[in-house]
Amino acid sequence: MKARNEIKATARLALWTLAWVATLALASFPSLWDSQPVASWAAVAASLAVGIGMIVAHARLLREMDELQRKIMLDALAISLGAGFVGGMAYVVADAADLIAFDADAGMFPVLLGIVYLIAYAVGNLRYR
Amino acid sequence: MKNRLKDLRTERNWTQADLAQRAGVSRQTINAIETGKFDPSLPLAFSLAKLFALRIEELFLDDQ
């Protein structure tokens, strides 16, 4: 029963995540929204709303997981949050000091968080194998 | 935390998957508890003790 609930919650999260990526892609497609700021704002708002749905789905999945899996996921989330803060600030400060050739890009933060989270989650699972 | 989970489980010819299903957790969790890598929460500890008809202190051994 619990395993079935977890599978359903995982599937729901996957669907919300796909929907969020799709709305994000739509909102960031510049040629679609040329000279249409209202439509562009609507696309951004839709992406935000679907993103909130994804966050809620993630929280629900956490509640359905068993305690060890929840611990592994929460540890990975904590590490990725810390890495985001520390790594992100280092990146911004390096840009401000002209230590890097290119301007700091905000789009790097989700990439950094995602990569760190995946590594931390994999390491967590290996640790309790 | 040391425990008698593996011994009690094998006495009943249960696999880790069998015990996991009865306890409502993943096989990974049962393995982690048996190898001492993970200490269960109180509700799970009570649930496991109930499965073996034992008290918690008869199932989990205080390291100190």
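This text gives an overview of the structure that appears in the document. (Residues numbered from 1 in each chain as written. Chains lettered and ligands numbered in written order. Predicted model: local features only at pLDDT ≥ 70, side-chain atom pairs only at ≥ 80, totals over all residues. Heavy atoms only, no water.)

1. Focus on the environment of Val44(A)
Rules: Strands are runs of DSSP state E lasting at least two residues, helices are runs of H or I lasting at least four, and both sets are numbered from the N terminus onward.
Relative to the helices and strands, Val44(A) resides in helix H2 (residues 37-64). It is 7.9 Å that separates the C-alpha atoms of Val44(A) and Thr23(A), two residues lying 21 residues apart in sequence.

2. Observations concerning the packing of helix H3 (residues 67-96) of chain A against helix H3 (residues 27-34) of chain B
Stated precisely, the cut-off is as follows: Simply put, an axis is a line fit to the C-alpha atoms, just over the touching stretch for a helix, and the angle between two N-to-C directions goes from 0 to 180 degrees. We call two directions roughly parallel when the angle between them is under 35 degrees, roughly antiparallel when it is over 145, roughly perpendicular when it lies between 65 and 115, and oblique otherwise. Contacts are assigned to residue pairs with any non-hydrogen atoms lying within 4.5 Å of each other. Polarity classes work like this: nonpolar for Ala, Val, Leu, Ile, Met, Phe, Trp, Tyr, Cys and Pro, charged for Asp, Glu, Lys and Arg, and polar for all others, with Gly in that last group.
H3(B) packs onto H3(A) with a crossing angle of 90° between their chain directions and a minimal axis gap of 8 Å. Classified by the angle between their axes, H3(A) and H3(B) sit roughly perpendicular to one another. Residue-level contacts link Leu68(A), Gln69(A) and Ile72(A) of H3(A) to Gln28(B), Thr29(B) and Ala32(B) of H3(B). Looking at the contact of H3(A) with H3(B) residue by residue, the class counts come to three nonpolar, three polar and no charged.

3. Brief notes about the layout of surface pockets
All names here are of chain A. We apply this condition: Two kinds of site are reported from a 1 Å grid over the protein atoms alone, namely cavities, where a 1.4 Å probe fits but cannot get out, and pockets, open sets with protein on both sides within 12 Å along at least five of seven lines, and residues are called lining when an atom falls within 4 Å of a point. Grid points are joined across faces, edges and corners, and a volume is the space filled by probe spheres set on the points.
Put simply, the largest pocket is a space of about 490 Å³. Lining the largest pocket are 14 residues, with Met54, His58, Leu77, Gly114 and Tyr117 positioned closest to its centre. Within the residue set of the lining of the largest pocket, elements represented by two or more residues are helix H1 (2-27), H2, H3 and helix H4 (108-127). For the lining of the largest pocket, the residue count by class is 10 nonpolar, four polar and no charged.

4. Notes on H3(B)
The following threshold applies: Only protein chains enter the calculation, and the probe is 1.4 Å; a residue is then buried if its accessible area is under 20% of its type maximum, exposed if over 50%, and partly exposed in between.
Most of H3(B) is tucked away, with seven of its eight residues classed as buried. Every buried residue of H3(B) is listed here: Gln28(B), Thr29(B), Ile30(B), Asn31(B), Ala32(B), Ile33(B) and Glu34(B).

5. Details of the side chain of Asn3(B)
Residues and elements named next belong to chain B. Convention followed: Any N or O atom pair separated by 3.5 Å or less is treated as a polar contact, with the protein-specific requirement of one donor-capable and one acceptor-capable atom, and with residues adjacent in sequence counted only for side-chain atom pairs.
In this structure, asparagine 3 sits in strand S1 (residues 2-3). Side-chain polar atoms of asparagine 3 contact the backbone nitrogen of leucine 5, separated by 3.1 Å. There is a polar contact of 2.8 Å between the side chain of asparagine 3 and the backbone oxygen of isoleucine 33. The residues touching asparagine 3, leaving out its near neighbours within four places in the chain, are Ile33, Glu34, Leu59, Phe60 and Leu61.

6. Focus on the interface of chain B and chain A
Spelled out, the test is: Computed with a 1.4 Å rolling probe, the buried area is the accessible surface lost when two parts are put together, summed over both parts. Whenever Lys or Arg places a side-chain nitrogen within 4 Å of a carboxyl oxygen from Asp or Glu, that contact is recorded as a salt bridge.
Contacts between the two partners involve 12 residues from chain B and, on the opposite side, 11 residues from chain A. Of the roughly 930 Å² buried at the junction of chain B and chain A (both faces included), carbon and sulfur atoms supply 47%. Interface area lost by chain B to chain A is led by Gln28(B), Lys37(B) and Phe38(B), which between them contribute 56%. Counting across the interface, chain B meets chain A through zero salt bridges.

7. Some points on the packing of aromatic side chains
Quick note on the threshold: Note on aromatic contacts: the rings of Phe and Tyr and the six-membered ring of Trp form a pair at centre separations within 6.5 Å, being stacked when their planes are under 30 degrees apart, edge-to-face when over 60 apart, and tilted otherwise.
The full count for this structure, using the stated rule, is four aromatic pairs over all chains. Arranged with centres 6.3 Å apart and planes meeting at 80°, the rings of Tyr128(A) and Phe38(B) form a pair that is edge-to-face. Highlighted residues: Tyr128(A) in the segment after H4 and Phe38(B) in the loop between H3 and helix H4 (42-51), drawn from two different chains. Ring centres 5.6 Å apart and planes at 35° place the aromatic pair Trp14(B) and Phe52(B) in the tilted group. Of this pair, Trp14(B) sits in the loop between helix H1 (5-11) and helix H2 (16-23) while Phe52(B) sits in the loop between H4 and helix H5 (56-59); the two residues are 38 residues apart in sequence, bridging distant segments of the chain. Overall, the relative accessible area of 3% leaves Phe52(B) in the buried class.

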